[in-house]
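Each chain is listed here by its residues.
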Amino acid sequence: RRSRQLDAPGRRPPPTAGAMSRASGYDRHITIFSPEGRLHQVEYAYQAVKKNQNVTSVALRGKDCVVGVTQKKLPDKLMDKDFITHLYNITPNIGCLMTGMTPDARALVYRAREKAAKFKDKNGYEIPVHFLAMKIANIGQVYTQHAYMRPYGVNAMLFSIDDETGPALFQVDPAGMYMGYKACAAGTKDAEAVNALEKIVKKKLDLTEAETIQQAIGALQTVMGMDFKPSDIEVGIVSTSRKGFVRLSEEEIDTHLTAIAERDERPSHRRLSASVGVAAGAWGGSAVGPAGAPGLPHGAARRP
């Protein structure tokens, strides 16, 4: 009888390792490792970055600039769009793109500004972006060690023009990991965005400022499967041709969106021209007849 009960089709499947860890309480405290060596609360912070605002952000480093692009969504139609932003100035020359929980983003930005201001007051020059990334990462790492704290539910992308290395892009995650990047992504569709950015980076192009902006916007458009309006995205840039960290206006974004649309239309136009030329060759005449009919030789009548 017991064997029949075990083989019953409605029997509950055995729990997974993650479910067993949660049932054992390993996800209730940030300071307790699970038997698999995982900190579940830290992993939940990564999920907060993905799911809290439901936006995706990308950043791309060019030859002489770094560009950050993110979606701009209004949680309430009655809200003023000028008060919704994911782009922040840490210093006049260091920009930051925050993805995740907006209150946590604001709190971490204030901490970063405080670190940058104290560094400049003590040393007499602006904090290097790699050193600031390390300082922010240190804050995030400490918040994974104490039971009375929780990690910041945000992913920070820092970019600046470094005096020694040129364009610099760093990413800091909720666990306190920071790395330098050629391109990076965060948010709901970060895996798809990373794949799109890898295709751009593999080409090893020396992207100009305009090309970098358009490649970053185009990658995000491809990932989201939609054509953006200027009000749908935010674009921040640091460049050798600009002073400090700059946010592009909707008019500038519209110019780049138009250039992307024209660039995407050219290949299909060339394919259409090629097909028309083949048809003309089949007729043994020019591509355009005297009456404007494609593929008809001079003096030929259109077939019924």
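Data block above holds the structure.
The structure presented is a predicted model; accordingly, all values stated were derived computationally and were not measured.

> I tried to follow the packing of helix α6 (residues 190-202) against helix α7 (residues 209-224) on my own but got confused; where do I start?
In helix packing, the relevant descriptors are the interaxial angle and the interaxial distance, both defined with respect to the helix axes. Relative orientation of the contacting elements α6 and α7 amounts to 140 degrees, with a least axis distance of 9 Å. Regarding the angle of α6 to α7, the classification is oblique. The two elements α6 and α7 cross, and the hand of that crossing is right-handed. Contact with α6, carried on its side by E192, A193, A196, L197 and I200, involves Q215, A219 and V223 of α7 and no other residues of that element. When grouped by side-chain class, the residues that make up the contact of α6 with α7 number six nonpolar, one polar and one charged.

> Which parts of the structure should I look at to understand the sheet that holds strand β8 (residues 183-187)?
Pairing is antiparallel in the open sheet, where five strands are placed in the order β8-β1-β2-β9-β10. Lying at the two open borders of the sheet, with one neighbouring strand each, are β8 and β10 (245-247). Strand after strand, the sheet turns through a mean of 15 degrees between neighbouring axes, direction not considered. Of the strand pairs in this sheet, strand β2 (residues 65-71) and strand β9 (residues 233-239) are connected by seven bridges, and their pairing is antiparallel. Following the sheet pairing, T70 is matched in β9 by E234. On top of the sheet, α7 reaches β1 (56-61), β2 and β9; it is set at about 30 degrees to β2, its chief contact.

> Hey, could you run me through the sheet that holds strand β4 (residues 94-100) in this one?
Each strand in a sheet pairs with its neighbour through backbone hydrogen bonds, running either in the same direction (parallel) or in the opposite one (antiparallel). Pairing is antiparallel across the open sheet formed by five strands, whose spatial order is β3-β4-β5-β6-β7. Of all strands in the sheet, those bounded by a partner on one side alone are β3 (87-91) and β7 (178-180). Going across the sheet, the axis of each strand differs from the next one's by a mean of 25 degrees, ignoring polarity. Here strand β6 (residues 166-172) runs beside β7; their pairing, made up of three bridges, is antiparallel. Considered in β7, the bridge of Q171 is made with M179. Contacts from helix α4 (residues 102-123) reach β3, β4 and β5 (154-162), with the element oriented near 15 degrees to β3.

> What exactly am I supposed to notice about unusual backbone geometry here?
Most peptide bonds are trans, and most residues other than glycine sit at a negative phi. Phi at N54 takes a positive value of approximately 55 degrees, unusual for a residue other than glycine. Note on placement: N54 falls in the loop between α3 (40-51) and β1.

Basis of the calculations
- Residues numbered from 1 in each chain as written.
- Predicted model: local features only at pLDDT ≥ 70, side-chain atom pairs only at ≥ 80, totals over all residues.
- Heavy atoms only, no water.
- Axes fitted to C-alpha atoms, helices over the stretch in contact; angles between N-to-C directions.
- Helix = DSSP H or I, 4+ residues; strand = E, 2+ residues; numbered from the N terminus.
- Parallel < 35°, antiparallel > 145°, perpendicular 65-115°, else oblique.
- Left-handed = near helix turned anticlockwise from the far one by under 90°.
- Contact = heavy atoms within 4.5 Å.
- Nonpolar A, V, L, I, M, F, W, Y, C, P; charged D, E, K, R; others polar.
- Pairing = 2+ DSSP bridges.

Interpretation in functional terms is not warranted from these geometric data alone.
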